[in-house]
Amino acid sequence: MDLIVFVLFAQLIVAVGRPILKGKLSNRFFRFSWTTFCRLGGSLEKRKKILAQLISWFNFWADCAYLAVVILLGVNIDHTATLRQARYRQADTTFGGNVQPDPVALALLCEKAGADGITVHLREDRRHIQEEDVLRLRTQIKTRLNLEMACTPAMTEFALNLKPHSVCLVPESREEITTEGGLDVVSHREKVACVTGTMNAVGIKTSLFIDANAPQITLAAELRAPWVELHTGAYANAYYSDRRAAEFEHLCAGARQAHSLGLVVNAGHGINYANIAEVRTIPHLCELNIGHSILSYALFYGIEKALRRMKALINAWTLPFHLVVLW
Ligand code: PXP
């Protein structure tokens, strides 16, 4: 109940704040406030200044409230590069001319359609994303760049030069088709501590892509990684089996534990248009990282539709309040 009241309040703030921010001074609420405000003393200039300050605070807190209730969507665009590399692995360049599709162009479209961040995995074997892609993304996207990387000195150096908004440490094996299983922080404690410490020192947020197991989560907090990304792959694989409920409960327990230890909780892997209805109910979620299902949907319906649909499903429960905002 508290949450619903909070959401209603947040949406009300945004609903009132947006028209003011957009300069729609003619709306009734504003006219009423302005008349009341004018009755107060002081010169007109001074009053205008105070009002501008109030509006800016108001919008700052409205944005904070809004971010607190929605789950963000990071789009993993690796598979665009998989498609490109299938044909143009030997090309001299990674974009332009015949070399298609361009992951950076896709990232820009994703942003336009509402992606809150772009995620890429620069793998050791460079099977899809290439260094040049990451460098171009860094200068061209306007949201956040999240670099997935193995816990190696070479990748750490690359990240330090690149300065992405965040890095996500993932396990990497050349034989796997995609990232299988979470990073074993317990077995690789020293390596993970070293990378996390280095990133913390230069202000790059580190996320640890881990299975929702208690010892992994406890250690993630001990190593002062600010974020964890819970691996949802086992749950996604069990979705059509009778193990689904247990896997889901496992993720929820992990999310609760991580939150109680002060970690920001993200999740990713195997999330699609079917399981999102349940995934989004995992407690304390901040951001979901989704790739394969969005790009698969986009093949048929276009990236804009794919993203808008996923975003709507993720935050479906806030839709009635969004209508208030739009109105
Ligand atoms: N999060 C991480 C850490 C990943 O490595 C991947 C890709 O394997 C994803 C999220 C996205 O997974 P998917 O493509 O299954 O949506």
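What you are looking at is a predicted structure, and each value in this text was computed from that prediction instead of being measured.

**Points about the packing of aromatic side chains**
Two measures describe an aromatic ring pair: the distance that separates the ring centres and the angle between the ring planes.
Argument step 1. If you walk through the whole model with that rule in mind, you get six aromatic pairs.
Argument step 2. Ring centres 4.9 Å apart and planes at 90° place the aromatic pair Y239 and Y240 in the edge-to-face group.
Argument step 3. The class of Y240 is exposed, set by a relative accessible area of 73%.
Argument step 4. The structure contains a cluster of three or more aromatic residues connected by ring pairs, namely Y235, Y239, Y240 and F248.

**A look at the sheet that holds strand β6 (residues 227–231)**
Argument step 1. What the eight strands build is a closed barrel, ordered β1-β2-β3-β4-β5-β6-β7-β8; its pairing is parallel. Recorded for the sheet is a direction-independent mean angle of 25° between the axes of neighbouring strands.
Argument step 2. Two strands pair when backbone bridges link them, and strand β5 (residues 205–210) and β6 are joined in this way by four bridges, in the parallel orientation. Bridged to F209 within β6 is E229.
Argument step 3. Its contacts with the sheet put helix α14 (residues 303–314) on β1 (72–76) and β8 (285–290), and the angle it makes with β1 is roughly 145°.

**Here's the deal with the pairing of strand β3 (residues 144–149)**
Argument step 1. Most of β3 is tucked away: five of the six residues are buried.
Argument step 2. Inspection of the sheet shows strand β2 (residues 117–121) paired to β3 by five bridges, in the parallel sense. When the sheet's bridge partners are listed, V120 is paired in β3 with L147.
Argument step 3. Note that the unit made of β2, helix α6 (residues 131–140) and β3 has a crossover that is right-handed.
Argument step 4. With four bridges joining them, β3 and strand β4 (residues 166–169) adopt parallel strand pairing. Considered in β4, the bridge of M149 is made with L169.
Argument step 5. On the question of chirality, the crossover connecting β3 to the parallel β4 by way of helix α7 (residues 153–162) is right-handed.

**Side note on the pairing of β8**
Argument step 1. Most of β8 is tucked away, with five of its six residues classed as buried.
Argument step 2. Across four bridges, β1 lies against β8 in parallel orientation. What sits directly across from G74, in β8, is N289.

**Notes on the confidence of the model for the protein**
Argument step 1. Summing up the model confidence of the protein, the mean pLDDT is 88 and the portion of residues at 70 or higher is 82%.
Argument step 2. In this model, residues 22–26 is a region of pLDDT below 50 whose contacts with residues beyond four sequence positions or in other chains number four contacts.

Rules used throughout
- Residues numbered from 1 in each chain as written.
- Predicted model: local features only at pLDDT ≥ 70, side-chain atom pairs only at ≥ 80, totals over all residues.
- Heavy atoms only, no water.
- Phe/Tyr/Trp six-rings, centres within 6.5 Å; stacked < 30°, edge-to-face > 60°.
- Buried < 20%, exposed > 50% of the residue type's maximum accessible area, 1.4 Å probe, protein only.
- Pairing = 2+ DSSP bridges.
- Helix = DSSP H or I, 4+ residues; strand = E, 2+ residues; numbered from the N terminus.
- Axes fitted to C-alpha atoms, helices over the stretch in contact; angles between N-to-C directions.
- Contact = heavy atoms within 4.5 Å.
- Right-handed = clockwise from strand over helix to strand, strands pointing away.
- pLDDT = per-residue confidence, 0-100.

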